[in-house]
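# Per-entry structural report
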Amino acid sequence: MTDQSHSIRSICVYCGSRPGSDPSHMAAGRALGKEIADYGLRLIYGGGTKGIMGAVASGTLSNGGQVTGIIPEILDRHGGDPPLPRPAQRVDCNA
């Protein structure tokens, strides 16, 4: 579905940065990402490549969608997960 007449342009998803114990969770994350891309929405997410959060981002990107990763500066300074596919926006949570 690519109907751009809806007023929602982005969706924010924050979920696990680990894959969990059930492989169906990763599959559901990728499926959610595909749906986000199919609806023409931009994914706003935690900026990582791992776990369910990364699966949602990967599912969005691999289906032609757009993503914006948001990662707190403190996590980035401490070797946080590298973003997909370009640098995530860093936010100072103490500001």
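The rules behind each value
Residues numbered from 1 in each chain as written. Predicted model: local features only at pLDDT ≥ 70, side-chain atom pairs only at ≥ 80, totals over all residues. Heavy atoms only, no water. Core = buried A, V, L, I, M, F, W, Y, C linked by side-chain atoms within 4.5 Å. Buried < 20%, exposed > 50% of the residue type's maximum accessible area, 1.4 Å probe, protein only. Helix = DSSP H or I, 4+ residues; strand = E, 2+ residues; numbered from the N terminus. Contact = heavy atoms within 4.5 Å. Salt bridge = Lys/Arg side-chain N within 4 Å of Asp/Glu carboxyl O.

This next bit is on the nonpolar core. Val-13, Ile-36, Leu-41, Leu-43, Tyr-45, Met-53, Val-56, Ala-57 and Val-67 together form the largest nonpolar core, which totals nine residues. Where this core is concerned, the elements lending two or more residues are strand S2 (42-45) and helix H2 (51-61). Considering each element in turn, this core owes the most residues, three residues, to H2. Once you skip the residues sitting within four places of it in the chain, Ile-36 turns out to touch Ile-11, Val-13, Leu-41, Arg-42, Leu-43, Val-56 and Thr-60.

Further remarks concern the pattern of salt bridges. A complete count under the given rule lists one salt bridge for this structure. The shortest N-O distance in the salt bridge between Lys-34 and Asp-38 comes to 2.6 Å. In this pair, Lys-34 and Asp-38 are both assigned in helix H1 (residues 23-38), four residues apart and thus about one turn of the helix distant. A relative accessible area of 21% means that Asp-38 is categorised as partly exposed.

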